[in-house]
Amino acid sequence: MTRDLQDLLHRVGEAVEPVSVPKDTWRRGRRARTRDRVVWPAAGALLVLGLVAGVLQPGWLPHAVVLPAGTSASGDGAVPEHIYDVPESVDAQRGDGSRVTPLEPVANLAGTRASAAFVTRSGVVVLVTAADGVHHRVALPGFSATMSWISGEVPVAVAPDGRSLAYAWRELPRPAGNRWPSGIAVLDLDRPASPRVQRIDAGAGVRVSNLVWSPGGGYLAYQVGVAREMTEQSFASKGYYVERLDVATGERTRVPGTGSAAPAAVADDGRVAYTRGDLRVWSPDAAGAQRIPLDRTLLDIGAWAPDGGRIALGAFDAYDVLATVDLTDQSVRDGGRSEVPSDGAVLGWAGADSVVMLRHPSESWDHQSLLLVDARTGATRQVGTVDNQAALTLSLAAGLMSAQQPTVDFAAPSWAGGTPWGWWAAGAVLLVAAAAWWGRSRRASRFL
């Protein structure tokens, strides 16, 4: 380098203003480098974990509809493998009578099918939709949540094909008086906002219960309790009888001689069966009811077989789960055995020879086993579970079940596995934190 070039460089250096380097430049650079090495990999790991959790536990996602593999085989829907009771925290009422968790308008279910229905502790009807197994707490027009229902009375009943729902109906007297408009309502889920109401004028009002459908859904049979006095929360009976409703025409027929008996079953041809010591089968074309002797105590409510020749009834406090009465030869066949004596409730027929039943398992009384019993051989298998409170008033669309696919494992309601909002709150905190780190790193990078 020449002497002249050196002098020139010295003059240039003396003319340039010295660069001011902040004392924390090194420290800020190390922080940025740490963020690049730690924060972004950690954020990526959290994102992957969240995706994995969403796949493994899809019920955490609010309002998620989770369909199992092969659901299309169930056609228009299926009965859930597990039917859940509603926790008191969800079902609770405030002091003014309003609901802590609002009820869903039944009109929202237009075009769906119901696979099951039951009444909660506080008197709310729950409909389980057949396509996805979702439990809906619905507001049914004219269903009295304040009426006290005795365990096993069944004030709601789903049709075997799941397209209709029958339920006890009543309204407040207008003007206020001693007679309550009351009776039975049939709600078509294709048009759920306008139920078909059958008002029954008797006494101070009536309380309809123990509803049973014929296999094809053309007839309903039910018990009518006539009130001597009725209030919003009480019912004083002065008598009972059984009535049959032709669903298509709306014609109601009183079944003579039933007394306080509940209907056991109703056939597609309109015959009605009930138990009074023995089994009695009434037909409008016969002079009197056919009597079939029974050598055991059977439950009042059962189901007529689709072939029209058999009636399934549950055993009462016995080891035999099921009794199938053949109307042709008046024989009674036992079906299934239990380890402990307890009631076995019949819910319907799944196909030609399989009876759907509920029974308490020997190891627990907080739920009941959903059973499929072969009426020919007595072979029994558990196909599902029903929480005990839901089981007390449960009705199933047994026509959606088959021996090959009796139930489907749908996702549990959000209340069944604890509330998912804690996970969402934690995710929101992590997202905000990641955004804050990203913003700070962007600002810091402008100074480097």
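Note that the coordinates shown come from a computational prediction; the quantities given were computed from them, not determined experimentally.

The next point concerns the overall build of the protein. For the protein, the helix and strand inventory stands at five helices and 26 strands. Considering only contacts in the protein between residues 6 or more positions apart, those separated by 24 or more positions represent 54%. As presented, the protein carries roughly 22,700 Å² of accessible surface, and 54% of it is formed by carbon and sulfur atoms.

We now examine the pattern of salt bridges. Scanning all chains against the criterion turns up 14 salt bridges. Notably, a salt bridge pairs Arg121 with Glu88, separated by 3.9 Å at the nearest N-O pair. Residue Arg121 is located in the loop between strand 3 (114-119) and strand 4 (125-129), and its partner Glu88 is located in helix 3 (residues 88-91); the two are separated by 33 residues in the primary sequence. For Glu88, a relative accessible area of 56% corresponds to the exposed category. Ionic pairing is found between Arg99 and Asp91, a salt bridge with its closest N-O pair at 3.9 Å. Asp91 gets classed as buried once you look at its relative accessible area, which sits at 5%. Among the charged side chains, a salt-bridge network with shared partners connects Asp307, Arg310, Asp353, Asp374 and Arg376.

Take the nonpolar core next. Ile83, Val356, Leu370, Leu394 and Leu396 are the most contacted members of the largest nonpolar core, which has 24 residues in total. Every element with two or more residues in this core is listed here: strand 3, strand 4, strand 22 (344-350), strand 23 (354-359), strand 24 (367-374), strand 25 (380-387) and helix 4 (388-391). Once you skip the residues sitting within four places of it in the chain, Leu394 turns out to touch Ile83, Ala116, Ala117, Phe118, Leu347, Leu358 and Val386.

Turning our attention to the sheet that holds strand 26 (residues 395-396). Here we have five strands laid out as an open sheet, ordered 2-5-4-3-26, and mixed in their pairing. A strand with exactly one partner marks an edge of an open sheet, and here the two such strands are strand 2 (104-105) and strand 26. One ladder, built from five bridges, connects strand 3 with strand 4; its direction is antiparallel. What sits directly across from Val119, in strand 4, is Val125.

We now examine the packing of aromatic side chains. For the coordinates displayed, the defined rule picks out one aromatic pair. With 6.2 Å between their ring centres and 65° between their planes, Phe143 and Tyr167 make a pair best called edge-to-face. Residue Phe143 is found in the loop between strand 5 (135-139) and strand 6 (156-158), and its partner Tyr167 is found in strand 7 (residues 164-170); the two are separated by 24 residues along the sequence. By the burial criterion, Phe143 is buried, and Tyr167 matches it. The positively charged end of Arg170 is found above the aromatic ring belonging to Trp180, 4.5 Å away from the centroid. The aromatic ring of Tyr241 is capped on one face by Arg254, whose charged end is 3.8 Å from the ring centroid.

Of note, the phi angle at Asn210 is positive, near 55°, even though the residue is not glycine. With respect to the helices and strands, Asn210 occurs in strand 10 (residues 206-213). A positive phi angle, close to 60°, is found at Gln330, a residue other than glycine. Here Gln330 is to be found in the loop between strand 20 (318-326) and strand 21 (331-342).

A few words on the environment of Asp85. Examined against the element boundaries, Asp85 turns out to sit in the loop between strand 1 (82-83) and helix 3. On the basis of relative accessibility, which here comes to 11%, the residue Asp85 falls in the buried class. The spatial distance from the C-alpha of Asp85 to the C-alpha of Ala391 is 8.4 Å, given a sequence separation of 306 residues.

Most of strand 3 sits inside the fold, with six of its six residues counted as buried. Relative to strand 26, strand 3 is paired through two bridges, and the arrangement is antiparallel. Within the sheet, the bridge partner assigned to Ala117 lies in strand 26 and is Ser395.

Moving on, we come to the sheet that holds strand 12 (residues 235-246). Read from one edge of the open sheet, four strands run 10-11-12-13, paired in antiparallel fashion. Sheet topology places strand 10 and strand 13 (252-255) at the edges, where each strand pairs with a single neighbour. Between one strand axis and the next, the sheet turns by 30° as a mean value, whatever way the strands run. As judged from the six bridges shared by strand 10 and strand 11 (residues 219-230), these two strands associate in the antiparallel manner. Bridge pairing in strand 11 places Ser209 opposite Gln223.

Let's shift gears to the side chain of Thr407. With respect to the secondary-structure elements, Thr407 resides in the loop between strand 26 and helix 5 (421-445). Among the polar contacts made by the side chain of Thr407, one reaches the main-chain carbonyl oxygen of Val383 at a distance of 2.6 Å. In this view, Thr407 contacts Val79, Pro80, Glu81, Leu370, Val383 and Met401; residues no more than four positions away in its chain are not counted.

Rules and cut-offs
Residues numbered from 1 in each chain as written. Predicted model: local features only at pLDDT ≥ 70, side-chain atom pairs only at ≥ 80, totals over all residues. Heavy atoms only, no water. Helix = DSSP H or I, 4+ residues; strand = E, 2+ residues; numbered from the N terminus. Contact = heavy atoms within 4.5 Å. Areas by Shrake-Rupley, 256 points an atom, 1.4 Å probe, with all protein chains shown as cover. Salt bridge = Lys/Arg side-chain N within 4 Å of Asp/Glu carboxyl O. Buried < 20%, exposed > 50% of the residue type's maximum accessible area, 1.4 Å probe, protein only. Core = buried A, V, L, I, M, F, W, Y, C linked by side-chain atoms within 4.5 Å. Pairing = 2+ DSSP bridges. Phe/Tyr/Trp six-rings, centres within 6.5 Å; stacked < 30°, edge-to-face > 60°. Lys NZ or Arg CZ within 6 Å of the ring centre and 35° of its normal. Axes fitted to C-alpha atoms, helices over the stretch in contact; angles between N-to-C directions. Polar contact = N/O pair within 3.5 Å; in protein donor to acceptor, adjacent residues only side chain to side chain.

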